[in-house]
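Chain by chain, the residues:
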Amino acid sequence: MANPSILILPGDGIGPEVMAEVRKIIAWFGDKRGLKFNVSEDLVGGAAYDAHGAPLSDETMAKAQAVDAVLLGAVGGPKYDKLDFSVKPERGLLRLRKEMDLFSNLRPAQCFDALADFSSLKKDIVAGLDIMIVRELTSGVYFGEPRGIFPDNEGGRVGINTQRYTTEEIRRVARSAFELAKRRGNKVCSMEKANVMESGILWREEVQWVHDNEYPEVELSHMYADAGAMQLVRWPKQFDVIVTDNLFGDLLSDCAAMLTGSLGMLPSASLGAPMANGRPKALYEPVHGSAPDIAGQGKANPIACILSFAMALRYSFDQGAEADRLEKAVEAVLADGVRTADLMGPEGGTPVSTGEMGDAIVAALCASL
Ligand code: IPM
Ligand code: MG
C-alpha cells in the first residue's frame, strides 16, 4: 500500500517556522517508527497571494482534496490588511474548510501540569483541565447568504451577514460531538443564543433530537453562549465536550485556549465526511495565528503545530498510541522546564528558540523508545 499522503501549507508569519519543527517530528516517526508519509508542500494565504494573486490556487485546492491530511501553519499579516476582502489571506483558509466540507472542528483545551501557573486564572481552576470544543466550521454567519456591503436608502451603507443553519448541518456536527463524548467524559454541553435567535432555537431542538434518538446514554445540557463564556472562566472543569456554531465556537475556543496559559499550545483538527479509503477529510492547524510581530525571529512556540500533527496521527492515521507518545514527549519537555518566550513566567529565565524546542521534543521522543 502507498504511504499516506500529507500536504503541508506553512502559510504566513510564524507558519513556516513552526512547520519546520513539525517536519522534524514527521521525519522522526518515519525513521524510528516506520510511519512513512508522502509529504508535499504548497502555498496558502498571503504567501499564495504574493505568488499567484489568490490566497489559494485551484491547483493547491485540488491537491488538498486528494491527500489524506492537510497540515496548515497560519495565514495573514499586516502586509495584506489593505487587500480586497475576496483575496485576503483568510479567504484561502475559509475556502479549504468549505470546499473540503470540514464541518467538525475539534479544539481541545488541555492544561499541562507544568504550565498551570501560566494561566491568568487561579491554578486550582485550570490544573488538570481537559475539555474539547467542537465548533461547526462550514456554515453559520461565516458563509450565510445574503452577505455584503450595500447602499441603503438614506445615502449611507448597510453591512449584512446571515446566520443560517439547516437541520442536517446541526445534526452532523452534533453527532461528532456525541461520538467524542462517548470516548471521553460522556457529557455534551450545547451552546447557542436560543433566547434571541431563531437559528439558536433550531440548533437547540436538533441537538436534542440527535441526543434523544441516537445518543440517549450521553449526558446533554444546553447553555446560552454568553453564559457559557462566563462559565468557561468561572469553572471550566464542569465541561467535557462543548458543541457550538461557527462564530460562537471561534470566540469560545480562543477563550478556552487562554485558560491553558498560552495560545502557543493549542492544536486543532477539522474533519469532514469519510473518503473512499475510510479516512475522514482532514485539516490540522494550530489555533494561534500568524503572529507577525515575532515572525522570523525564532521565538515562536511550535508546540501547537506539533500537537496538531499528533491529532493527525490519532484522527487520520489511526495511530492513537503514537499520538500519545508525541503528547507525552511534549509534556516531558515542559516538565523539564524547557520554555519558548511565550511560556516564560514572571521569574524569568532563558527561553529556547523555536528550533531548540523542536529538537528537545525529538530528543524526548528518542528517550521514549
Ligand atoms: C480561527 C481563526 C479564523 C476564523 C480566521 C483566521 C479566519 O480565527 O481559526 O479561529 O475566524 O475561523
Ligand atoms: Mg479564531
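Because the structure is a prediction, the values reported are computed rather than measured.

A closer look at unusual backbone geometry
Next up, step 1: A cis amide bond, omega 0°, links glutamate 145 with the succeeding residue proline 146.
Next up, step 2: With respect to the element layout, proline 146 can be found in strand β6 (residues 144–151).
Next up, step 3: At alanine 291, a position not held by glycine, the phi torsion is positive, near 40°.
Next up, step 4: Following the sequence through the fold, alanine 291 ends up in the loop between β12 (280–286) and α10 (303–315).

Section: the packing of aromatic side chains
Next up, step 1: In the structure shown here, the tally under the stated rule is 6 aromatic pairs.
Next up, step 2: Taking the centre distance of 5.2 Å and the plane angle of 75° together, the rings of tyrosine 165 and tryptophan 203 count as edge-to-face. Highlighted residues: tyrosine 165 in the loop between β7 (157–162) and α6 (167–182) and tryptophan 203 in helix α7 (residues 198–214), separated in sequence by 38 residues. Neither residue differs from the other here; tyrosine 165 and tryptophan 203 are each classed as buried.
Next up, step 3: Joined through ring pairs, the aromatic side chains of Trp28, Phe29, Phe37, Phe309 and Phe317 make up one cluster.
Next up, step 4: The ring of phenylalanine 143 has lysine 98 lying over it, and the distance from NZ or CZ to the ring centre is 4.8 Å.
Next up, step 5: Over the ring of tyrosine 142 we find arginine 135; its NZ or CZ atom is 5.2 Å from the centre of that ring.

Focus on the domain arrangement of the protein chain
Accessible area lost when the parts come together is the quantity often used to give the size of an interface.
Next up, step 1: According to the domain assignment, the protein chain consists of domain 1 (1–106 + 267–369) and domain 2 (130–259).
Next up, step 2: Computed over C-alpha atoms, the centres of domain 1 and domain 2 are 25 Å apart.
Next up, step 3: Taken together, the 14 residues of domain 1 in the interface contact 16 residues of domain 2.
Next up, step 4: Across the interface of domain 1 and domain 2, roughly 1,400 Å² is buried in total on both sides, 60% from carbon and sulfur atoms.
Next up, step 5: It is Lys98, Phe103 and Asn105 in domain 1 that bury the most area against domain 2; as a group they hold 41% of the surface buried on that side.
Next up, step 6: Inspection of the region where domain 1 meets domain 2 yields 1 salt bridge.
Next up, step 7: The partner of arginine 172 in a salt bridge is aspartate 101, with the nearest N and O atoms 3.0 Å apart.
Next up, step 8: Of all the secondary structure elements, the ones that give two or more residues to the side of domain 1 that touches domain 2 are α4 (89–99) and β4 (104–110).
Next up, step 9: Considering each element in turn, the side of domain 1 that touches domain 2 owes the most residues, 4 residues, to α4.
Next up, step 10: Partitioned by chemical class, the residues of the side of domain 1 that touches domain 2 number 7 nonpolar, 3 polar and 4 charged.

Structural notes on the layout of surface pockets
Next up, step 1: By volume, the largest pocket amounts to about 570 Å³.
Next up, step 2: Around the largest pocket, the lining is made up of 21 residues, and of these Pro108, Gln110, Asp130, Arg314 and Glu327 lie nearest the centre.
Next up, step 3: For the lining of the largest pocket, the secondary-structure elements that each account for two or more residues are β4, β5 (130–136), α10 and α11 (320–335).
Next up, step 4: Residue composition of the lining of the largest pocket, by class: 11 nonpolar, 1 polar and 9 charged.
Next up, step 5: Both domains that meet at the lining of the largest pocket, namely domain 1 (1–106 + 267–369) and domain 2 (130–259), each give it at least three residues.
Next up, step 6: Its boundaries defined by the atoms lining it, the second largest pocket holds a volume of some 410 Å³.
Next up, step 7: Lining of the second largest pocket is provided by 20 residues; of these, Leu93, Arg97, Asp250, Glu285 and Val287 occupy positions nearest its centre.
Next up, step 8: Split by residue class, the lining of the second largest pocket holds 9 nonpolar, 4 polar and 7 charged.
Next up, step 9: Two domains each put at least three residues into the lining of the second largest pocket: domain 1 (1–106 + 267–369) and domain 2 (130–259).

Describing the nonpolar core
Next up, step 1: Within the largest apolar cluster, 91 residues are counted, with the highest numbers of intra-cluster contacts made by Leu71, Tyr284, Phe309, Leu326 and Ile361.
Next up, step 2: At 10 residues, α10 tops the list of elements feeding residues into this core.
Next up, step 3: Not counting chain neighbours up to four residues away, the residues in contact with isoleucine 361 comprise Ile25, Ile303, Ile306, Leu326, Ala329, Val330 and Val333.
Next up, step 4: Listed in part, the 15 residues of the second largest apolar core include Leu7, Leu9, Ala64 and Leu93.

Reading the values: the criteria
Residues numbered from 1 in each chain as written. Chains lettered and ligands numbered in written order. Predicted model: local features only at pLDDT ≥ 70, side-chain atom pairs only at ≥ 80, totals over all residues. Heavy atoms only, no water. Helix = DSSP H or I, 4+ residues; strand = E, 2+ residues; numbered from the N terminus. Phe/Tyr/Trp six-rings, centres within 6.5 Å; stacked < 30°, edge-to-face > 60°. Buried < 20%, exposed > 50% of the residue type's maximum accessible area, 1.4 Å probe, protein only. Lys NZ or Arg CZ within 6 Å of the ring centre and 35° of its normal. Domains from an automatic or database assignment. Contact = heavy atoms within 4.5 Å. Buried area = accessible area lost by both parts, 1.4 Å probe. Salt bridge = Lys/Arg side-chain N within 4 Å of Asp/Glu carboxyl O. Nonpolar A, V, L, I, M, F, W, Y, C, P; charged D, E, K, R; others polar. 1 Å grid on protein atoms, 1.4 Å probe; cavity = no way out; pocket = protein on both sides within 12 Å on 5 of 7 lines; lining within 4 Å. Points joined across faces, edges and corners; volume = space filled by probe spheres on them. Core = buried A, V, L, I, M, F, W, Y, C linked by side-chain atoms within 4.5 Å.

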